[in-house]
Amino acid sequence: MASTLSAEDLLRSATQGFDHLFANDIDAAQKVFESEDAPFHLLGLGVVAFLQAALGMETGLMDEATRCLTASEAGAKKQARAAKSLPSIHRFDAGMEWEVMHADAVVLLGLTHALSESYRGYLQCVYELNSAHSKFNKLFKTVYPNGLQSYATPATTPLPSRRGSDRSLRSSAIQSKPTTASKSGFFSRWFAPPASVAAPGTITNPPSGPVEELVLSGTAFGYGLFNLVLSLLPAKIRNVVGFFGFNHDRMLALQALAVSAARNDIHSVFAGLVLMTYHGVVLLLSGYQADEAHIIKQYKAIVSRVDGRYPDGSLWILNKAKIQRMTYDTEGAIETLRDGLKPERKKSFPQADTLLTFELAWTLLSHRRYEETAKQFLDITKLNSWSHATYYFIAAGCYVSLRDYNRAQKLLDKIPDQLDKRKLSGRDMPTETFIKKKLAFYKRKQARLGGDENRFVEAIRISPAEEIAIFWNTHARIESSIAIAHIQEWSSLTPAITDIESKYLATSVAKTENDDLDTVDELAIRSLLLGIVHRTLAEYTAARAFLLDALKRAPDVEISSWVGGVSAFELAVLDLKEAEVKGTNMKPEEAMTMWEGVLAGASEKLDQAYAMSTKQMDLSSRLDSRIVMLRDEIFDKRGLLGLPA
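In this text, all values refer to a predicted model and were calculated from it rather than measured experimentally.

Chemist: For this particular structure, what's the right way to read the environment of Ala-483?
Modeler: Here Ala-483 is to be found in helix H22 (residues 480-491). It is 9.2 Å that separates the C-alpha atoms of Ala-483 and Ile-532, two residues lying 49 residues apart in sequence. Dropping the residues within four chain positions of it, Ala-483 is found in contact with Ile-478, Val-533 and Leu-537.

Here you go:
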């Protein structure tokens, strides 16, 4: 039965549901969304399913998200058509609120496909977004005809490096003349240049009611998210996107999201969540940031704003902990996460709470707290069905580090049964393909050494947990004492390291009948790990020597095809980090000359890494994404220095 409530009342009702959702009360949220059959509420159900799917990586939930979002898309489209024949209830074109809702559903559908981290999923995402491309541009140009410079963002002093490009903003303003305004009518005054009337939605020309707030916040959110997704797609997929005529401006996307995040509509919370996720991922995975202080400032401002509104929400607790971890307060992050997981907290959003456990596990691993790490990863197997094989593999690696080989072997023995239980889009998941190769590798080594193949754990010398942690960049933001402990452990393995000097290497290495590391794969991975942790210690000469050694060995590896691309990427990060240190002691003109060479060299190394990142390489899409992020940081650094792109 159709609701008799007005659009504004329906929006207020749905907003209550979103308030429950972000306060961790998912049951109350679903009750609100199920109370009406309006597109606002249908979108709410779709968002719940999408977040459950995105946070829990549950195949069944992805299907439910697709179903709900498809229904909300159809409902919004129907309402938009119907509204066009009626008088507008706000100062925008009639039905524009439904256009925003329709765009929300389309972009979330696309993101649902992208959750697989597979090239097929990315392509499905692209096809969904293709249908929304013109819609996002039209909405943005209509609602923000003069660009975004007049609008507030959560952090009060944005730097020029983080604005959208001037060319994009100017072109948006030039091409954004609303078609419904006449020279002397009300709309022409409302959309007039800032010199005569303040831009819509600013302090001196605020929105009139929640529907206008939705249009302003939702348009900025949708446009920003759409362009940010395009900018972060792996280069191979972006090449396909080019055939559709897509263009993206990452800086303008981030600014649009920041403008949305500063508003009061529920889109502001989503925009904040997207920005938190983006800033967190960049800080974790890009390896180098052109302006880390600014990213952290923006990140903190957004988290503080949303946390003040929903202090019990797991997503905001998670991001507070991430900021602590990224600013080297590991103990503080652990305490925040443990507080968020206390039994007395209300928990009706299990997928969000699972993320706290997942983050705690990685944070503990970064601190070499292996017993606790193993427990957390094993606990996750009780919380969701995403790749139990991966969780067992990491936990087994922790027990290898503890030299508890019996528990490690028991977990490794459980993995084969898990590998066929969980497939994404009918194919092996990227991490599980990697694990399958590693298990076969360990078994072959154990047989070669003449050992019991049922005890192949005895052949493992480098912890599987520390090896897979390379892909999560876990070793980049660790304390010096932890980095030194890693170096002592890995350099004590035979054969001894004799051709690279470092004051942190083990001083005496006991001889063994058989070398601990007797394959090119193992030697290359040891060098890669040692290069990363030496860089963390700012021991750049030794770091470069180890990374170059890993890169040199890469062509001869048996199964570790990823080592070459990752080594080239880490060398690019090394060059940039070392340049930051060197530049502080140089005259400006000397520093500028140095930076020109370093930025060019880092870009060349990323070209090399990209060339090595083929579809046959394990976890290639993850490396591709890291390359995209680091290229963006290099672009930003050029902008800060005033160098041409």
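Chemist: How should I be thinking about empty space enclosed by the protein in this particular structure?
Modeler: Empty space among the atoms becomes apparent when a probe as large as a water molecule is rolled across them. All told, the structure shown has 4 cavities of 30 Å³ or more when counted by the stated rule. Taken as a whole, the second largest cavity holds about 160 Å³ of empty space. Lining of the second largest cavity is provided by 16 residues; of these, Phe-18, Leu-43, Asp-104, Ile-266 and His-267 occupy positions nearest its centre. Taken together, the elements giving at least two residues each to the lining of the second largest cavity come down to helix H1 (7-22), helix H3 (39-56), helix H5 (96-114), helix H9 (210-232) and helix H12 (266-285). When residues of the lining of the second largest cavity are assigned to their parent elements, the largest contribution, 4 residues, is made by H1.

Chemist: What should I look at first to understand the packing of H1 against H12 in this one?
Modeler: A packed helix pair is summarised by two numbers, namely the angle formed by the two axes and the spacing between the axes. As a packed pair, H1 and H12 sit with axes 10 Å apart at the nearest point and diverge in direction by 30°. As judged from the angle between their axes, H1 and H12 are roughly parallel. Where H1 approaches H12, its residues Phe-18, Asp-19 and Phe-22 are matched on the opposing element by Ile-266, Val-269 and Phe-270. Grouping the amino acids of the contact of H1 with H12 by side-chain chemistry returns 5 nonpolar, no polar and 1 charged.

Chemist: Any chance you could explain the pattern of salt bridges here in plain terms?
Modeler: Oppositely charged side chains are able to pair whenever their charged atoms sit close together. Summed over the entire model, instances satisfying the criterion amount to 39 salt bridges. Between Asp-307 and Lys-320 there is a salt bridge, and its shortest N-O distance comes to 3.7 Å. Here Asp-307 is found in helix H13 (residues 292-309), whereas its partner Lys-320 is found in helix H14 (residues 314-326), with 13 residues between them in sequence. The salt bridge involving Arg-368 is made with Glu-489; its shortest N-O contact spans 3.1 Å. Of this pair, Arg-368 sits in the loop between helix H16 (350-366) and helix H17 (370-380) while Glu-489 is found in helix H22, placing the two residues 121 residues apart along the sequence. For Arg-368, a relative accessible area of 23% gives the class partly exposed. Several salt bridges converge on common partners, so that one network encompasses Arg-544, Asp-575, Glu-578, Lys-582 and Lys-605.

Chemist: Where do I start with the packing of H16 against H17 in this structure?
Modeler: Where H16 meets H17, the axes come as close as 8 Å, and the angle between the chain directions of the two elements is 155°. Viewed along their axes, H16 and H17 adopt a mutual orientation that is roughly antiparallel. In the crossing of H16 with H17, the sense of the turn from one axis to the other is left-handed. Note on element contacts: H17 touches H16 through Tyr-370, Glu-372, Thr-373, Gln-376, Phe-377 and Ile-380, opposite Thr-354, Thr-357, Phe-358, Leu-360, Ala-361, Trp-362, Leu-364 and Leu-365. By residue class, the composition of the contact of H16 with H17 is 9 nonpolar, 4 polar and 1 charged.

Reading the values: rules and limits
Residues numbered from 1 in each chain as written. Predicted model: local features only at pLDDT ≥ 70, side-chain atom pairs only at ≥ 80, totals over all residues. Heavy atoms only, no water. Helix = DSSP H or I, 4+ residues; strand = E, 2+ residues; numbered from the N terminus. Contact = heavy atoms within 4.5 Å. 1 Å grid on protein atoms, 1.4 Å probe; cavity = no way out; pocket = protein on both sides within 12 Å on 5 of 7 lines; lining within 4 Å. Points joined across faces, edges and corners; volume = space filled by probe spheres on them. Axes fitted to C-alpha atoms, helices over the stretch in contact; angles between N-to-C directions. Parallel < 35°, antiparallel > 145°, perpendicular 65-115°, else oblique. Nonpolar A, V, L, I, M, F, W, Y, C, P; charged D, E, K, R; others polar. Salt bridge = Lys/Arg side-chain N within 4 Å of Asp/Glu carboxyl O. Buried < 20%, exposed > 50% of the residue type's maximum accessible area, 1.4 Å probe, protein only. Left-handed = near helix turned anticlockwise from the far one by under 90°.

In short, geometric facts, not functional conclusions.
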